[in-house]
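What follows is the residue order along each chain.
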Amino acid sequence: MSELRFDGRVAVVTGAGHGLGRSHALALAARGARVVVNDLGGALDGTGASSGPAAEVVELIRAGGGEAVASTENVATPEGAKAIVRSAIDAFGRLDVVVNNAGILRDRSFGKMTVEEFDQVLAVHVRGSFLVSHAAFPYLKEQGYGRIVNTSSPSGLFGNFGQANYSTAKMGLVGLTKTLGIEGARAGIRVNAIAPIAWTRMTESVLPAEFEAGFAPERVSALVAFLSHESCEVSGEVFTVGGGRVARVFVAEGPGWRQDDHTVEDIRDNWDAIMAEQPYLTPTTLGEQAGASLKAML
Ligand code: NAI
């Protein structure tokens, strides 16, 4: 089978100075993409800034014979997001791929979490992914082609103690992925999300050291590159990925139970049927989901 290449394509990877984003940028560049390496260069909690991490990754790409430019803009502001996209247009004349990867952590148990900790985490993950995609959208739409990969998390999909802010943000990205997938379809824009696990500065305090090699970020980037490629037509999907394993995660609805004008006691008495998982449906739009209920009324 032929190698999947990105010659002629231009990619923006946010948060590409460290960890997963760095690995995605290197993987795309190694296959011929010209890359905007965006990174604010701050600490894990989002404080501070440095031009060092983005510049280092650009140097690595250039040393390997690739083309890249650095961007130290903040994804969480409209001006920052527009400047990131502008970097791609100014340096390379086009934009094909957006990998929304930038992220921070402000973990705290729910009762102790401050409003600021909640807002800051949503700002980088949700607002940042919205803003960069929104700035890119007119270019992708105009050329009738684009690939967007958002970065969700198992923490959002399944929940995790101490991460109310982060889980909310990461599940929010699933909603963004699904709706943008629908809205971008006619313009050839495919939008998917990954929910990775990798040994990075974000996880080094929770993943034991012996997992460092097994959960290398490179083991996430092959999927990101595939979802970024023109041959990949899937959209609106979410995949867990890491440690060598890739799996589709889907939102399913059980067969359900229905009875006109039911009482509270009817709910109690039919709880097993309401909770049943089989046979499940996997609607891909609100219309598909509501359709089952509408049909039942005819
Ligand atoms: P990391 O901390 O190594 O990388 C995140 C990068 O984003 C950093 O280089 C940081 O400077 C940059 N960044 C933060 N705020 C920014 C902003 N406002 N503008 C531009 N850049 C900014 O962490 P890691 O693990 O590589 O995380 C990458 C993404 O993957 C994040 O969205 C994270 O939430 C997600 N993720 C990671 C998992 C893991 O196992 N490492 C698990 C699930 C999700």
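Above this note sits the structure.
Not measured: the values here are computed from a predicted model.

## A short note on the site of the ligand
Now for step 1: The environment of the ligand is made up of 31 residues, and the closest members are Asp-39, Asn-74, Tyr-166, Thr-200 and Arg-201.
Now for step 2: One of the side-chain nitrogen or oxygen atoms of Asn-74 is found 2.7 Å away from a nitrogen atom of the ligand.
Now for step 3: At 3.4 Å, a backbone N or O of Gly-103 approaches an oxygen atom of the ligand.
Now for step 4: Within the complex, 97% of the 820 Å² of free accessible area of the ligand lies under protein.
Now for step 5: Taken together, the elements giving at least two residues each to the shell around the ligand come down to helix H1 (19-30), helix H4 (115-143) and helix H6 (164-184).
Now for step 6: Class assignment for the residues of the shell around the ligand results in 12 nonpolar, 15 polar and four charged.

## A short note on the packing of aromatic side chains
Now for step 1: Within this structure, the stated rule accounts for two aromatic pairs.
Now for step 2: Aromatic side chains Phe-211 and Phe-215 sit 5.7 Å apart centroid to centroid with 70 degrees between the ring planes, which places their arrangement in the edge-to-face category.
Now for step 3: Each ring, one from Phe-250 and one from Tyr-280, has its centre 5.5 Å from the other, and the planes form 35 degrees; the classification is tilted. Of this pair, Phe-250 sits in the loop between strand E8 (245-249) and helix H8 (264-269) while Tyr-280 sits in the loop between helix H9 (271-275) and helix H10 (286-297), placing them 30 residues apart in sequence.
Now for step 4: If you follow Arg-9 out to its NZ or CZ, it ends over the ring of Tyr-145, 4.0 Å from the centre.

## Concerning the sheet that holds strand E6 (residues 189-196)
Now for step 1: Here eight strands make up an open sheet; going across it, the order is E3-E2-E1-E4-E5-E6-E7-E8 and the pairing mixed. Each having just a single partner strand, strand E3 (68-71) and E8 make up the two edges of the open sheet. The mean angle between the axes of side-by-side strands here comes to 20 degrees, regardless of whether they run parallel or antiparallel.
Now for step 2: Pairing between strand E1 (residues 10-13) and strand E2 (residues 34-38): four bridges, direction parallel.

## A short note on the pattern of salt bridges
Now for step 1: The full count for this structure, using the stated rule, is 14 salt bridges.
Now for step 2: Arg-94 is the partner of Asp-96 in a salt bridge, and the nearest nitrogen-oxygen pair spans 2.6 Å.
Now for step 3: In this structure Asp-96 comes out as buried when scored by relative accessible area, which is 0%.
Now for step 4: Several salt bridges share partner residues, and in doing so they unite Glu-3, Arg-5, Asp-7 and Arg-31 into one network.

## Quick notes on the nonpolar core
Now for step 1: Membership of the largest hydrophobic core comes to 30 residues, with the highest contact counts inside it found for Leu-95, Ile-148 and Ile-189.
Now for step 2: Elements represented by at least two residues in this core include exactly E1, helix H3 (78-92), H4, H6 and E6.
Now for step 3: A per-element tally of this core places H4 first, with eight residues.
Now for step 4: In contact with Leu-95, not counting residues within four places along its chain, are Val-10, Ala-11, Val-12, Val-85, Ala-88, Ile-89, Ala-136, Leu-140 and Gln-143.
Now for step 5: Listed in part, the 29 residues of the second largest apolar core include Ala-11, Val-37, Val-97 and Val-99.

## Considering the side chain of His-229
Now for step 1: Tracing the backbone shows His-229 in the loop between helix H7 (218-227) and strand E7 (238-242).
Now for step 2: Here the side chain of His-229 touches Ser-231 through a polar contact of 2.8 Å, side chain to side chain.
Now for step 3: Those residues within four positions of His-229 in sequence are excluded, and the remaining contacts are Leu-4, Arg-5, Phe-6, Tyr-145 and Arg-147.

## What about the pairing of E1?
Now for step 1: Residue alternation in E1 divides its side chains into two sets, Val-10 and Val-12 and Ala-11 and Val-13, and both sets are buried.
Now for step 2: Viewed along the sheet, the connection from E1 through H1 into E2 turns out right-handed.
Now for step 3: By the bridge criterion, three bridges tie E1 to strand E4 (residues 97-100) in an arrangement that is parallel. Among the inter-strand pairings, Val-12 is bridged to a residue of E4, identified as Val-98.

What counts and how
- Residues numbered from 1 in each chain as written.
- Predicted model: local features only at pLDDT ≥ 70, side-chain atom pairs only at ≥ 80, totals over all residues.
- Heavy atoms only, no water.
- Near = heavy atom within 4 Å.
- Polar contact = N/O pair within 3.5 Å; in protein donor to acceptor, adjacent residues only side chain to side chain.
- Areas by Shrake-Rupley, 256 points an atom, 1.4 Å probe, with all protein chains shown as cover.
- Helix = DSSP H or I, 4+ residues; strand = E, 2+ residues; numbered from the N terminus.
- Nonpolar A, V, L, I, M, F, W, Y, C, P; charged D, E, K, R; others polar.
- Phe/Tyr/Trp six-rings, centres within 6.5 Å; stacked < 30°, edge-to-face > 60°.
- Lys NZ or Arg CZ within 6 Å of the ring centre and 35° of its normal.
- Pairing = 2+ DSSP bridges.
- Axes fitted to C-alpha atoms, helices over the stretch in contact; angles between N-to-C directions.
- Salt bridge = Lys/Arg side-chain N within 4 Å of Asp/Glu carboxyl O.
- Buried < 20%, exposed > 50% of the residue type's maximum accessible area, 1.4 Å probe, protein only.
- Core = buried A, V, L, I, M, F, W, Y, C linked by side-chain atoms within 4.5 Å.
- Contact = heavy atoms within 4.5 Å.
- Right-handed = clockwise from strand over helix to strand, strands pointing away.

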